[in-house]
Amino acid sequence: MAKKVTISTLDKMKAAGEKFVCITAYDATFARLVSEAGAETILVGDSLGMVLQGHDSTIPVTIQDMEYHTRSVNRAAPHSLVIADLPFMTYSDSTQAMTNATRLMQAGAQMVKMEGGVWLSDTISALVERGIPVCAHLGLTPQSVNAFGGYRVQGRTPKEAKSILADAVEIQDAGASLLVLECIPAELASDISAKLDIPVIGIGAGAGTDAQVLVMHDLLGLSDHQPRFVENFMAGAGNVQDALKAFVTSVKDGSYPREEHSYT
Ligand code: KIV
């Protein structure tokens, strides 16, 4: 049986310049397939609100939903590191974040993910000090879709780019173990990945990050809307397992993402 991936595995991979892979999963069967395909990390994403529940955003997802799906993923006992999203408004202060992160850790997550920058740094420090590892998420943070006025690429103006970079440094200093960068220009994501010691996972952020993540339904070509950064790995694959493996291989050998998947 493959050895369980931990944050130190990912730190070593970053130091060695080896790319790693994250795929979302929400149940035991797909968690097993993702793990067997060789993805180092599984994200129990609040994207489940869209791909499982049929909402048009992640905002309706509850902590109970996330607990249920985290437990299901954890039952597959994957060797992959399991990260679970704290949903909308479940971490608006450190005390609330602590209570809800505890629920996800007790459901089987090994790390929690939260969307936000500087304003989150005290919360990140409080969780990390008490033994809860944190993955931060910057750029197009889907829980803020209403504030952004839609799902738009972030960080294109010098002011926005500067603010995302400052947020990234701040969350690392606060103790975050990982950072997800979503839908930002490839050059900015590459600069942030080079500047930070912690591993950076990109989605729609070009090829210069330390890892890539995709929503499983997107990479399997099951979603009705395919954003520019998504490749359908089911095309040309005989079955789901081959498609998941093709994604893992393409990230590791650098053939995904290509320029056509990136933003400037
Ligand atoms: O919820 C999710 O699946 C995510 C990824 C898009 C990074 O946050």
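Residues numbered from 1 in each chain as written. Predicted model: local features only at pLDDT ≥ 70, side-chain atom pairs only at ≥ 80, totals over all residues. Heavy atoms only, no water.

To keep things clear, this is the line we draw: UniProt positions are given in the numbering used here, feature names are shortened, and annotations may be inferred rather than shown by experiment.
Going by what an unreviewed UniProt entry lists, the protein is known as 3-methyl-2-oxobutanoate hydroxymethyltransferase and is assigned to Congregibacter litoralis KT71. Database annotation for the protein, UniProt heading Subcellular location (unreviewed entry): "Cytoplasm". The Pathway (unreviewed entry) comment attached to the protein in UniProt states, word for word, "Cofactor biosynthesis; (R)-pantothenate biosynthesis; (R)-pantoate from 3-methyl-2-oxobutanoate: step 1/2."

1. Description of the nonpolar core
The following threshold applies: What we call a nonpolar core is a set of buried Ala, Val, Leu, Ile, Met, Phe, Trp, Tyr and Cys residues that are connected through their side-chain atoms within 4.5 Å. The cut-offs for exposure are 20% and 50% of the maximum accessible area for each residue type, with area from a 1.4 Å probe on protein chains only; residues under the lower value are buried, those over the upper are exposed, and the others partly exposed. Should any heavy atoms of two residues lie within 4.5 Å, those residues are considered in contact.
The biggest cluster of nonpolar side chains holds 85 residues, and the ones touching the most others in it are Ile23, Leu179 and Leu181. Residues in contact with Ile23, not counting those within four places in the same chain, are Val34, Ala39, Thr41, Ile42, Leu43, Leu214, Met216, Leu219, Leu244, Phe247 and Val248.

2. Focus: the packing of helix H5 (residues 94–106) against helix H6 (residues 121–129)
Convention followed: Only C-alpha atoms enter the line fits that serve as axes; for helices the fit covers just the stretch in contact. Angles between N-to-C directions range over 0 to 180 degrees. Starting at the N terminus, helices and strands are each numbered in turn, a helix being any DSSP run of H or I of at least four residues and a strand any DSSP run of E of at least two. Geometric relationships in this document are graded by angle, where less than 35 degrees denotes roughly parallel, more than 145 denotes roughly antiparallel, 65 to 115 denotes roughly perpendicular, and other angles denote oblique. Two helices crossing with the near one rotated counterclockwise from the far one by less than a right angle form a left-handed crossing, whereas a clockwise rotation gives a right-handed crossing. Polar here means any residue outside two lists: the nonpolar Ala, Val, Leu, Ile, Met, Phe, Trp, Tyr, Cys and Pro, and the charged Asp, Glu, Lys and Arg; Gly therefore counts as polar.
The interhelical angle for the contact between H5 and H6, taken along N-to-C directions, is 45°, at an axis separation of 9 Å. Between H5 and H6, the angle is such that the two are oblique. With respect to the hand of their crossing, H5 and H6 are arranged in right-handed fashion. Contact residues: Ser94, Ala97, Met98 and Ala101 in H5; Asp122, Thr123, Ala126 and Leu127 in H6. When its residues are assigned to classes, the contact of H5 with H6 shows five nonpolar, two polar and one charged.

3. Notes on the pairing of strand S8 (residues 211–214)
We count it as follows: A strand pair is defined by DSSP finding two or more bridges across the two strands.
Residues Ala211 and Val213 point to one face of S8 and Gln212 and Leu214 to the other, with burial holding for every one of them. Bridge count between strand S1 (residues 20–24) and S8: four bridges; the pairing is parallel. Bridge pairing links Phe20 to Ala211 in S8.

4. What about the side chain of Thr141?
Checked against the element boundaries, Thr141 lands in the loop between strand S5 (134–139) and helix H7 (145–148). Thr141 has contacts with Glu115, Gly116 and Phe148, leaving out every residue within four places of it along the chain.

5. A few points about the UniProt feature "binding site: 3-methyl-2-oxobutanoate" (unreviewed entry) in the protein
As annotated by UniProt and renumbered to match this structure, "binding site: 3-methyl-2-oxobutanoate" (unreviewed entry) occupies Asp46, Ser47, Asp85 and Lys113. Over a stretch of 68 residues, the named residues converge on one spot in the fold, their C-alpha atoms separated by at most 12.4 Å. Among the secondary structure elements, Asp46 is positioned in the loop between strand S2 (41–44) and helix H3 (48–51). Taking the relative accessible area as the measure of exposure, Asp46 reaches 3% and is therefore buried. Those residues within four positions of Asp46 in sequence are excluded, and the remaining contacts are Thr58, Val61, Met66, Asp85, Pro87, Glu115 and Gln143. Mapped onto the elements of the fold, Lys113 is located in strand S4 (residues 111–115).

6. Considering the side chain of Ser193
Looking at the element boundaries, Ser193 is found in helix H9 (residues 186–195). For Ser193, a relative accessible area of 3% corresponds to the buried category.

7. Structural notes on the UniProt feature "binding site: Mg(2+)" (unreviewed entry) in the protein
Taking the UniProt record as the reference, the feature "binding site: Mg(2+)" (unreviewed entry) is found at Asp46, Asp85 and Glu115. Separation in sequence by 70 residues is not matched in space for these annotated residues, since their most distant C-alpha atoms are only 11.1 Å apart. Relative to the helices and strands, Asp85 is located in strand S3 (residues 81–85). On the accessibility criterion, Asp85 (2% relative accessible area) is buried.

8. Quick notes on the site of the ligand
To be explicit about the condition: One heavy atom suffices: a residue is near a molecule or strand as soon as one of its heavy atoms comes within 4 Å of it. In protein, a polar contact requires one atom able to donate a hydrogen and another able to accept it; more generally it is a pair of N or O atoms within 3.5 Å, and residues adjacent in sequence count only if both atoms are side-chain atoms. Per-residue and other accessible areas were derived by the Shrake-Rupley procedure at a 1.4 Å probe size, with only the shown protein chains allowed to occlude residues.
Near the ligand the following residues occur: Thr24, Leu43, Gly45, Asp46, Ser47, Asp85, Lys113, His137, Glu182, Ile203 and Val215. At 3.1 Å, a side-chain N or O of Asp46 approaches an oxygen atom of the ligand. Note that an oxygen atom of the ligand is positioned 2.6 Å from one of the side-chain N or O atoms of Ser47. Surface burial for the ligand is 96%, taken as the share of its 260 Å² of free accessible area covered by protein chains. Broken down by class, the residue content of the shell around the ligand amounts to three nonpolar, four polar and four charged.

9. Quick notes on the pairing of S5
In the case of a regular strand, side chains alternate between the two sheet surfaces. As a reminder of what qualifies: Handedness rule for crossovers: strands pointing away from the viewer, path from the first strand over the helix to the second running clockwise, crossover right-handed.
Within S5, six of the six residues are buried, which leaves it mostly tucked inside the rest of the structure. Residues Val134, Ala136 and Leu138 point to one face of S5 and Cys135, His137 and Gly139 to the other, with burial holding for every one of them. Sheet topology note: the S4/S5 ladder contains four bridges and is parallel. Bridging across to S5, Glu115 finds its partner in His137. For the handedness criterion, the β-α-β arrangement of S4, H6 and S5 is classed as right-handed. For S5 and strand S6 (residues 178–182), the ladder comprises five bridges, and the chain directions are parallel. Of the residues in S6, the one forming a bridge with His137 is Val180.

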